[in-house]
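For reference, the chains in residue letters:
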Amino acid sequence: MKILVINCGSSSLKYQLIDSDTEKVLAKGLCERIGIDGMFTYQKAGCDKQVSQIDQPDHKKSVQLVIDALTDKENGVVADLSEIGAVGHRVVHGGEKFASSVLITEEVIKAIEECNDLAPLHNPANIIGINACRELMPGVPMVAVFDTAFHQTMPAEAFLYGIPYDYYKKYGVRKYGFHGTSHSYVSKRVIDILGLEAEKSKIVVCHLGNGASICAVDGGKSVETSMGLTPLMGLIMGTRSGEIDPGAMEFIANKEGLNLSEVMTILNKRSGVLGLSGVSSDFRDIESAIEDGNEQAKAAMDAFVHRVVSYVGGYIAVMGGVDAIVFTAGIGENDKGVRKAVIEKFGYLGVKLDEEANNSREDEVIISTPDSKVKVLKVATNEELMIARDTLALAK
Ligand code: ADP
């Protein structure tokens, strides 16, 4: 079956057409600046990227462009629309309603809408994408895959905040966690690569991208993760602060004469390694600034690594041990310096990095030495493939 995977944002839409038999990407691309003017990118497997400026006043137009490109006589990858057997949609927040992926029905859309409060920037955009596809591809089964679902196995002791219990009961204020599709995919790959017994395996997944989170996966299930009610919590990220004393928010607001929503914007968009370094949110820029002797960039990098180390260490304690630590996403997959700096801190546990393996550019590599007490890996994440797999399972 050919499966269209859609990841819809408020002004963008990423897509991939995946052949579920071979698990190969047939074509992929991106619609950008939806509702503004419109950029359309299409790339057929093995061919160059095509970028064109095409007006996209709304998401329906963008989905139509995707369908037209995929079915194009010359450059398309399917003869007609009927070859696309199902559509998988990434949905950011499933609250406590969704502990796994689901076939989309009217009731499911309503339930996703009820989670809008928890992700006001993301969920409404996800629903717009779902509705646009339903209009243009009537009768094609569609599946919602949630960023939060994998973490629904967290026990209450891990997800409760120390605030009045009423706020949890009335409004659902608790830790949910994100990047679940990635943590799930990567932890399963590690179990396969190392031949671990899934039920007994203990894995710490470090998803370090522009957004970053860590997950403790015990017996194949998420038991702790660093993001919270929102994706602002936990690690120091590209532009997000991560963990901060809530008292600092009032303090900053008073000093700078800001209201709460202005402080939130700063914590989301002007903080993290960008805010700390004053250089960039991109680790490549941070590293070249460090090479040029920029002390503030060095301080940002050190703080980032320190935070990763403290979460990894905490999660090893939560699980009472660890078989493997794995790095994924933009920084985790590409930045050997960050991996080395983190892993060196776990020498006391008998963890040993294999420097040569750490330099490898392969997608899936064991980067610890054979005598290391804990295995360390880097594994390229593949959220789209995971979405396609769930979609296939439910659409069948
Ligand atoms: P997201 O999906 O959250 O937007 P990604 O997982 O794509 O983020 O990660 C993007 C980030 O990865 C970049 O901002 C950059 O900091 C980092 N990155 C990408 N390539 C490299 C590299 N070669 N070396 C160091 N960092 C890199």
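Note that this is a predicted model, so its numbers are computed, not measured. (Residues numbered from 1 in each chain as written. Predicted model: local features only at pLDDT ≥ 70, side-chain atom pairs only at ≥ 80, totals over all residues. Heavy atoms only, no water.)

A. Structural view of the nonpolar core. The biggest cluster of nonpolar side chains holds 45 residues, and the ones touching the most others in it are Val 204, Leu 208, Ile 214, Phe 304, Val 312 and Ile 325. Listing elements by their share of this core, those giving two or more residues are strand 9 (202-208), strand 10 (212-218), helix 10 (283-291), helix 11 (295-319), strand 12 (324-328) and helix 13 (336-344). Among the elements that take part in this core, helix 11 stands out by supplying 12 residues, more than any other. With residues up to four places along the chain from it excluded, the contact list for Val 204 reads Ile 214, Cys 215, Val 312, Tyr 315, Ile 316, Met 319, Val 322, Ala 324, Ile 325 and Val 326. Counting 39 residues, the second-largest nonpolar core is a separate cluster that includes Leu 17, Leu 26, Leu 70 and Met 142. (Core = buried A, V, L, I, M, F, W, Y, C linked by side-chain atoms within 4.5 Å. Buried < 20%, exposed > 50% of the residue type's maximum accessible area, 1.4 Å probe, protein only. Helix = DSSP H or I, 4+ residues; strand = E, 2+ residues; numbered from the N terminus. Contact = heavy atoms within 4.5 Å.)

B. Local environment of the environment of Thr 225. Of note, Thr 225 is situated in strand 11 (residues 221-225). Of the residues examined, Thr 225 reaches a relative accessible area of 0% and is grouped as buried. Counting along the chain gives 189 residues from Thr 225 to Ile 36, while the straight-line C-alpha distance between them is 36 Å. Excluding residues that lie within four positions of it along the chain, Thr 225 makes contacts with His 151, Met 154, Lys 175, Gly 177, His 183, Ser 213, Ile 214, Cys 215 and Tyr 315.

C. Quick peek at the domain arrangement of the protein chain. The domain architecture assigned to the protein chain consists of domain 1 (2-146) and domain 2 (196-383). When each unit is reduced to the centre of its C-alpha atoms, the spacing between domain 1 and domain 2 is 29 Å. (Domains from an automatic or database assignment.)

D. Looking closely at the site of the ligand. Residues in contact with the ligand, as listed here, are Gly 209, Asn 210, Gly 211, Asp 282, Phe 283, Arg 284, Ala 329, Gly 330, Ile 331, Asn 334 and Asp 335. At a separation of 3.1 Å, an oxygen atom of the ligand approaches a polar backbone atom of Gly 211. In the model, an oxygen atom of the ligand is placed 2.9 Å from a nitrogen or oxygen of the Gly 330 main chain. Burial of the ligand by the protein chains amounts to 66% of its free accessible area of 580 Å². At the level of elements, helix 10 and helix 12 (329-334) are the ones that each hand at least two residues to the shell around the ligand. No other element matches the four residues that helix 12 contributes to the shell around the ligand. Grouping the amino acids of the shell around the ligand by side-chain chemistry returns three nonpolar, five polar and three charged. (Near = heavy atom within 4 Å. Polar contact = N/O pair within 3.5 Å; in protein donor to acceptor, adjacent residues only side chain to side chain. Areas by Shrake-Rupley, 256 points an atom, 1.4 Å probe, with all protein chains shown as cover. Nonpolar A, V, L, I, M, F, W, Y, C, P; charged D, E, K, R; others polar.)

E. View of the packing of helix 6 (residues 180-194) against helix 15 (residues 383-395). Two elements in contact, helix 6 and helix 15, have axes separated by 9 Å at closest approach and are oriented at 90 degrees. Compared by their axis directions, helix 6 and helix 15 come out roughly perpendicular. Residues Thr 181, Ser 182, Ser 184, Tyr 185 and Lys 188 of helix 6 form the contact with helix 15, whose participating residues are Glu 383, Leu 385, Met 386, Ile 387 and Arg 389. For the contact of helix 6 with helix 15, a count of residues per class yields four nonpolar, three polar and three charged. (Axes fitted to C-alpha atoms, helices over the stretch in contact; angles between N-to-C directions. Parallel < 35°, antiparallel > 145°, perpendicular 65-115°, else oblique.)

F. The arrangement of the sheet that holds strand 8 (residues 142-146) in detail. The eight strands are arranged 5-4-3-2-1-6-8-7 in an open sheet whose pairing can be described as mixed. A single partner strand is all that each edge strand has here, and the edge strands are strand 5 (50-53) and strand 7 (102-103). Examined bridge by bridge, strand 1 (residues 2-8) and strand 6 (residues 84-91) share five bridges and lie parallel to one another. Bridge pairing in strand 6 links Ile 6 to His 89. Where helix 1 (residues 59-70) meets the sheet, it contacts strand 1, strand 2 (13-19), strand 3 (24-32), strand 4 (39-44) and strand 6, and its direction lies at approximately 25 degrees from that of strand 4. (Pairing = 2+ DSSP bridges.)

G. Main features of the sheet that holds strand 14 (residues 375-379). Spatially, six strands are ordered 11-10-9-12-14-13 in an open sheet, and the strand pairing comes out mixed. Each of the sheet's edge strands pairs with one partner strand only, and the pair in question is strand 11 and strand 13 (364-366). Pairwise comparison of adjacent strand axes, ignoring direction, gives a mean angle of 25 degrees for this sheet. Here strand 12 pairs with strand 14 via four bridges, running parallel.

H. The arrangement of a nonpolar patch on the surface in detail. Taken together, the side chains of Tyr 161, Ile 163, Tyr 167 and Tyr 171 define a hydrophobic patch exposed on the protein surface, amounting to about 390 Å² of accessible area. Locating Tyr 171 in the fold gives a position in helix 5 (residues 165-171). Classification of Tyr 171 as exposed rests on a relative accessible area of 54%. (Patch = residues over 30% accessible without salt bridge, like charges linked within 9 Å, V, L, I, M, F, W, Y side chains within 5 Å. Salt bridge = Lys/Arg side-chain N within 4 Å of Asp/Glu carboxyl O.)

I. Representation of the packing of helix 10 against helix 11 in the model. Contact pair helix 10 / helix 11: the axes reach a minimum separation of 8 Å and the direction vectors enclose 125 degrees. As summarised for this structure, helix 10 and helix 11 are arranged oblique, according to the angle between their axes. The handedness of the crossing between helix 10 and helix 11 comes out as left-handed. The residues of helix 11 that touch helix 10, namely those facing Phe 283, Ile 286, Glu 287, Ala 289 and Ile 290, are Ala 297, Lys 298, Met 301 and Phe 304. Tallied by class, residues from the contact of helix 10 with helix 11 come to seven nonpolar, no polar and two charged. (Left-handed = near helix turned anticlockwise from the far one by under 90°.)

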